[in-house]
Amino acid sequence: MSILSVRNVNKNFGGLKALDAVNLDVEAGTVHAIIGPNGAGKSTLLNCFVGRLEPDTGSVTFDGKSLLGIQPHEINQLGVSRVFQTPEIFGDLSLLENVMIPAFAKRDGAFKMNAWHEVAEENDIHALAMEMLADVALDGKAHDTAAQLSRGDKRRLELAMCLVQNPKLLLLDEPTAGMARADTNNTIDLMKTIAGRGVTMVVIEHDMHVVFSLADKISVLAQGTVIAEDLPENIKGDPRVQEAYLGGAQL
Ligand code: ADP
Ligand code: MG
């Protein structure tokens, strides 16, 4: 069954057609990768799922409900969490606080900053946040300031910030960008663990090693259009994909 359904989505920036009649079906409980060259429209598409951008036309349906015309926090409440291309963490706060904030946001609908210190000691959320930090192997740094983390650790912190919301759908925009191989492999293992818990994932990724390690299905975007959607083994050999993605080189 399709949990996320995208129909005929178009998005223009001035004269530029960033998304051109995009269709996409993500099956519940699968990892669906979106690949394609730089500027293909991948991030634009993801932004249309989380209320950062509104498509000009078309529909985006999650779990039977439209994601269009509602606020990002309302989309989040429906069970959609995302990791953006650039890490978005609270640099001045501790790792623990970073993970507690989205937990409060999910529970209360919105996070009220001035109520923070009154509620920060709430045991259930504190314990849950610690558990999530342990899941991403950052519990030893729970009281460190987030700004001082390495890039790979920031990514893992962001994943913990998503997981604490117990999402049904996790959207990741280039989760291994800028990571060394060891960090990339750790991230692959972590994403496999998350997928094993039944969380549906949409992953934009440029690293083919990551894509072919994780994806159940792959959609290929080129110039705003889905040129192929298939199983990884079929995508690998598709000459249209090799042409569009790597100028004819082997994937
Ligand atoms: P990708 O993530 O596949 O690299 P993007 O979705 O970021 O591609 O961009 C698709 C195209 O839309 C690019 O040509 C980019 O320059 C353009 N674009 C993206 N966001 C904006 C914006 N906010 N305003 C104008 N053009 C944009
Ligand atoms: Mg992008």
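Each value, and the rule that gives it
All residue numbers here refer to positions counted from 1 along the written sequence of the relevant chain. As a convention, the first chain written is A and the first ligand written is 1, with the rest following in written order. Restriction of local features to residues with pLDDT of at least 70 applies here, the model being predicted, together with a cutoff of 80 or more for giving and counting side-chain atom pairs; totals for whole chains, interfaces and linings are based on all residues. Side-chain numbers here rest on the full set of heavy atoms in the structure, without hydrogens or water. Throughout, the term near means that a residue has one or more heavy atoms lying within 4 Å of the molecule or strand in question. Polar contacts, as counted here, are pairs of nitrogen or oxygen atoms within 3.5 Å of one another; within protein the pair requires one atom able to donate a hydrogen and one able to accept it, and residues that are adjacent in sequence qualify only if both atoms are side-chain atoms. Calculation of accessible area relied on Shrake-Rupley with a 1.4 Å probe; when residues are assessed, cover is drawn exclusively from the protein chains displayed. For the purposes of this entry, the term helix denotes a DSSP run of H or I that reaches at least four residues, the term strand denotes a run of E that reaches at least two, and both are numbered from the N terminus. In this description, a nonpolar core means a group of buried Ala, Val, Leu, Ile, Met, Phe, Trp, Tyr and Cys residues linked to one another through side-chain atoms lying within 4.5 Å. Only protein chains enter the accessibility calculation, which uses a 1.4 Å probe; a residue is then buried when its area is under 20% of its type maximum, exposed when over 50%, and partly exposed in between. Residue ranges for the domains originate in an automatic or database domain assignment. The contact criterion used throughout is that any non-hydrogen atoms of two residues lie within 4.5 Å.

A few words now on the site of ligand 1. By nearness alone, every residue bordering ligand 1 is listed as Phe13, Leu16, Ala18, Pro37, Asn38, Gly39, Ala40, Gly41, Lys42, Ser43 and Thr44. Backbone polar atom of Ala40 to an oxygen atom of ligand 1: 3.1 Å apart, as the coordinates give it. Expressed as a share of its isolated accessible area of 560 Å², the protein-covered part of ligand 1 is 58%. Contributing elements (two or more residues each) for the shell around ligand 1: strand E2 (16-27) and helix H1 (42-49).

What follows deals with the nonpolar core. Judged by nonpolar contacts, the single largest core of 36 residues is most densely connected at Val99, Leu157, Leu170 and Met201. Put simply, the parts of the chain that give this core at least two residues each are helix H3 (95-108), helix H5 (123-135), helix H6 (151-163), strand E7 (169-173), helix H7 (181-196), strand E8 (200-204) and helix H8 (208-214). If you count residues domain by domain, this core takes at least three from each of domain 1 (1-79 + 167-251) and domain 2 (89-166). Excluding its chain neighbours within four sequence positions, the residues that come into contact with Leu157 are Ile89, Leu95, Asn98, Val99, Leu133, Leu138, Ala146 and Leu149. Formed by 27 residues, the second largest nonpolar core is a distinct cluster that contains Leu24, Phe62, Leu68 and Leu171.

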